[in-house]
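Spelled out, the chains give:
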Amino acid sequence: MARQGELFGGSALGGSAHAGADALPLLARQLQEWQARLATHQQPLFADRGPGAQQGSLFAGPPEDPQAQAERFQPLSLQPQPLSFWRWPAAPQQGAALYVVTDRPASLPQPLLLYVGETSRADQRWKGEHDCKAYLAAYSETLLKVGLSCQLSIRFWLDVPLAVRPRRALEQALIRRWLPPFNKETRSRWATPFQADPT
């Protein structure tokens, strides 16, 4: 399995591995503008709470189209947990799940959905190495370096298909709808200020 590339570059502070010692530091304004661009896309999705927005059971009736499920998905209806949840003595979730990582920037009226993932073992997936954990660490450190804060959380949706194929189809539908910047499928869409393109 190929490893995802580095979104934030090589330095511990999120600078580019290609920029060298003369790289200009990121400014708080640049990071806030990046967050605002993401929020512009996601805000209507967080706000969509119409009659069809309620998450229903996936197992009551015939299988539903993943796109229709993704359109009803409301991540804020899921219980937020700290990213260190996996260190708890007993995991609060087990089995198949979709999970989302969000941030709640103080300068925005709604959170940002940064990552969507799927797993067959919700209690184990976040243990050990995970590319998204490195991205989140670099993101947090970069924000702190310029005096901005972050409120990262992870949320698990456990009412998902047990079979891998339909669960991954639902994950992909959510990625296409929300365009989370830390997923490899959408990274190029959000020209991030965290990493310069190699020259």
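Residues numbered from 1 in each chain as written. Predicted model: local features only at pLDDT ≥ 70, side-chain atom pairs only at ≥ 80, totals over all residues. Heavy atoms only, no water.

Looking at this structure, how should I read the pattern of salt bridges?
Pairing between side chains of opposite charge can happen when their charged atoms approach one another. Per the counting criterion, the structure on display carries three salt bridges. Across the salt bridge formed by Arg167 and Glu118, the nearest N and O atoms sit 2.7 Å from each other. Placement of Arg167 in helix α4 (residues 164-178) and of Glu118 in strand β2 (residues 112-119) is noted, with a sequence separation of 49 residues between them. Between Glu118 and Arg168 there is a salt bridge, with the nearest N and O atoms lying 2.8 Å from each other. Of this pair, Glu118 sits in strand β2 while Arg168 sits in helix α4, and the two are 50 residues apart along the sequence. For Glu118, a relative accessible area of 11% gives the class buried. Under the relative-accessibility criterion, Arg168 is labelled partly exposed at 47%. A single network of salt bridges, built from pairs that share partners, joins Glu118, Arg167 and Arg168. (Salt bridge = Lys/Arg side-chain N within 4 Å of Asp/Glu carboxyl O. Helix = DSSP H or I, 4+ residues; strand = E, 2+ residues; numbered from the N terminus. Buried < 20%, exposed > 50% of the residue type's maximum accessible area, 1.4 Å probe, protein only.)

Teacher, can you tell me more about helix α3 (residues 131-145) here?
Along an α-helix, a turn takes 3.6 residues, which lines up residues three or four apart on a common side. With 15 residues, α3 extends 21 Å from end C-alpha to end C-alpha; this agrees with the ideal 21 Å at 1.5 Å per step. On its buried face, α3 sits against α1 (28-47), β1 (97-103) and β2. (Expected span 1.5 Å × (residues − 1). Contact = heavy atoms within 4.5 Å.)

Could you clarify how one ought to interpret the packing of α1 against α3 in this entry?
The axes of two packed helices give the description: the angle between them and the distance between them. Orientation of α1 relative to α3, taken along the N-to-C sense of each, is 130°, at an axis distance of 9 Å. In this view, α1 runs oblique relative to α3, as classed from their interaxial angle. Listed contacts from α3 to Leu31, Trp34 and Gln35 of α1 are Tyr139, Thr142 and Leu143. In terms of residue class, the contact of α1 with α3 is built from four nonpolar, two polar and no charged. (Axes fitted to C-alpha atoms, helices over the stretch in contact; angles between N-to-C directions. Parallel < 35°, antiparallel > 145°, perpendicular 65-115°, else oblique. Nonpolar A, V, L, I, M, F, W, Y, C, P; charged D, E, K, R; others polar.)

Quick question: what am I supposed to make of the packing of aromatic side chains here?
The way to describe two aromatic rings as a pair is by their centre distance and the angle between their planes. A complete count under the given rule lists seven aromatic pairs for this structure. Ring geometry for Tyr135 against Phe182: centres 6.1 Å apart, planes inclined by 70°, an arrangement best described as edge-to-face. Of the two residues, Tyr135 sits in helix α3 while Phe182 sits in the segment after α4, which places them 47 residues apart along the sequence. For the pair Tyr135 and Phe182, one class covers both residues: buried. Judged by centre distance (5.6 Å) and plane angle (75°), the ring pair of Tyr139 and Phe182 falls under edge-to-face. One end of the pair, Tyr139, is in helix α3; the other, Phe182, is in the segment after α4, with 43 residues separating them in the sequence. The burial state of Tyr139 is the same as that of Phe182; both residues are buried. Above the face of the Trp190 ring, Arg189 is positioned so that its terminal group lies 4.5 Å from the ring centre. (Phe/Tyr/Trp six-rings, centres within 6.5 Å; stacked < 30°, edge-to-face > 60°. Lys NZ or Arg CZ within 6 Å of the ring centre and 35° of its normal.)

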